[in-house]
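Tertiary structure, described
Okay, here's what each chain looks like letter by letter:
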Amino acid sequence: IAIRPLFVLACLAAPLCACTLSFELPPLDDAGTPPARSCPTRAGQPSTRVTSSAELATALATARADSEILLESGRYELAASLQLPSGITRLTLRGASSRAEDVIIDGGDTVTVGLDTNGATDLLLANLTIQNVTEQAVLIGPGSHRPHICNVHLLNAGLTFISAPDGGSGGSDEGIVEQSLVEYTVASRSELASGISISGGSGWQIRDNIFRNLITPAGAASAMGPAILVTEGARDTIAERNLITNCDRGISFGLYDRPEDHRGGVIRNNVIYRAPNAGEQPDVGIHIAQSPDTKVLHNTVLLSGTYPSAIEYRFAGTTGARIEGNLLDAAVRQRENASATVANNITDASPSWFADPARFDFHLTASATRAIDQVPASSDVPDDIDGDARPRGAASDIGADEF
């Protein structure tokens, strides 16, 4: 087969300033064919085009339901946080180009929040960059249900890049974050930071994203938060086909020892990679804690000796979990009386089984015989990280890629 880079970002291994990052194209599969994934549009919405920060602020202040604000390519330097009109419905805020880096919204390291949804429902945010804010890049307040974030580059937030807090009302439900890049240039500013943090919401889908360099600053006492954290009674989350590289922690459904910190959901077809000696406080790749009935299926986790466990399941409230078909280079660890079905995992994967780990290409090679065609096909994992269908009624491969 023809092995191609897992993501169309050939410069992932290069310094940030040395290349242009684009989500104009989706990931390629093994045969070089892009899966059919793109950001949605909403036909028939009246559109307001803006070219400056002042015009953007005015357009937001006067926006009406079921309308679009279209940002022309350029740099939008913020004097204050952007805030949507309270409770607005079906607003689209997107860059006119399909390249996220063509529209730069910059907080100048003085603005607290890049974009506050302010109770909006059915927001579509696409094709732009938000960077250099002191706290959240995107704040999805309670009641802001069904936000859809697509092809967005979030860079150097002070705390969480996308935060959906509970606020005592159950949080926000049924959000989608896809085809986006979340990263620090070097490291976080605080160990309190995390990538995406969802509290109390149900039915979120976090898919086809890249997270990188989410590491705690030098001298910090603990690891920073996970790239994907879903907690405080959240449920039925899907985290799939994400690439998480050189981050202190990967994916965590639940975190604390309290009843049902998370329930249900599935973590599948993700690749989590950490280079040797990466990060100040390296921690676990996948973590489920007080999260009953959660499935951890067909992920590839390579920690390069930086932490002894690739997957941990924790606390007595974690029952009925399934941890199956994962390709790992470290152990699956039970902690504090958790229970799960643990089956068909490999815990000593070799870098030689993958096309080019140094350049973040984790397609299997023919040498991965212990992983190829080794487990029964599962209806819970119909495709692989490229979006290619896995075989039905036949043996499937262990890990995120179907050879």
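Along each chain, the written sequence defines residue order, and numbers are assigned to residues from 1. Residues qualify for local features only when their pLDDT is at least 70, as the model is predicted, and side-chain atom pairs are given and counted only at 80 or more; totals for whole chains, interfaces and linings, by contrast, use all residues. The side-chain figures draw on all heavy atoms in the structure; neither hydrogens nor water molecules are used.

Observations regarding the nonpolar core
The set of buried Ala, Val, Leu, Ile, Met, Phe, Trp, Tyr and Cys residues whose side-chain atoms join them within 4.5 Å is what this entry labels a nonpolar core. For the exposure calls, accessible area comes from a 1.4 Å probe over protein chains only, and a residue counts as buried if that area is under 20% of its type's maximum, exposed if over 50%, partly exposed in between. Among the nonpolar cores identified, the biggest contains 71 residues, and Leu-56, Ile-69, Leu-71, Leu-125, Leu-154 and Phe-211 are the most heavily contacted of them. The contacts of Leu-154, once residues within four sequence positions are left out, are Ile-130, Ala-137, Val-138, Phe-161, Ile-162, Leu-181, Val-182 and Glu-183. One finds Leu-243, Ala-278, Trp-353 and Ala-371 within the second-largest nonpolar core, a separate group that totals 23 residues. Contacts between residues were defined by any pair of non-hydrogen atoms, one from each residue, lying within 4.5 Å.

Observations concerning the confidence of the model for the chain
A residue's pLDDT is the confidence the predictor assigns to it, expressed on a 0 to 100 scale. Per-residue confidence for the chain gives a mean pLDDT of 90, with 91% of residues at or over 70. Scored below 50 in pLDDT, residues 1-29 shows 87 contacts in the model against residues more than four places distant or in partner chains.

Quick word on the sheet that holds strand E31 (residues 331-335)
Reading across from one edge, E4-E7-E9-E11-E14-E17-E21-E25-E28-E31 is the order of the ten strands in this open sheet, with parallel pairing throughout. The strands lining the two open edges of the sheet, one partner per strand, are strand E4 (82-83) and E31. Here, any two strands with at least 2 DSSP bridges between them count as paired. Counting from the N terminus, the helices are DSSP H or I runs at least four residues long and the strands are E runs at least two residues long.

Examining the packing of aromatic side chains
Note on ring pairs: Phe, Tyr and Trp rings are taken, using the six-membered ring of Trp, and paired if centres are within 6.5 Å. Classes follow the plane angle, with under 30 degrees stacked, over 60 edge-to-face and the rest tilted. Throughout the structure, instances matching the rule amount to four aromatic pairs. Between Tyr-273 and Phe-362 the ring centres are 5.2 Å apart and the planes differ by 45 degrees, which places this aromatic pair in the tilted class. Here Tyr-273, found in strand E24 (residues 271-273), pairs with Phe-362, found in strand E34 (residues 361-364); they are 89 residues apart in sequence, far enough to count as distant. Residue Tyr-273 shares its accessibility class with Phe-362, and that shared class is buried. Judged by centre distance (6.0 Å) and plane angle (70 degrees), the ring pair of Phe-354 and Phe-362 falls under edge-to-face. Assessed through its relative accessible area of 3%, Phe-354 is described here as buried. Aromatic rings pair up to connect Tyr-273, Phe-354, Phe-360 and Phe-362 into one cluster.

Regarding the side chain of Arg-390
Within the secondary structure layout, Arg-390 lies in the loop between strand E35 (375-376) and strand E36 (395-396). By relative accessible area, which is 5% here, Arg-390 ends up buried. In protein, a polar contact requires one atom able to donate a hydrogen and another able to accept it; more generally it is a pair of N or O atoms within 3.5 Å, and residues adjacent in sequence count only if both atoms are side-chain atoms. Of the polar contacts made by the side chain of Arg-390, one reaches the side chain of Asn-269; its length is 2.9 Å. Apart from the residues within four sequence positions on either side, Arg-390 is in contact with Asn-269, His-298, Val-381, Pro-382, Asp-383, Asp-384, Ser-396, Asp-397, Gly-399, Ala-400, Asp-401 and Glu-402.

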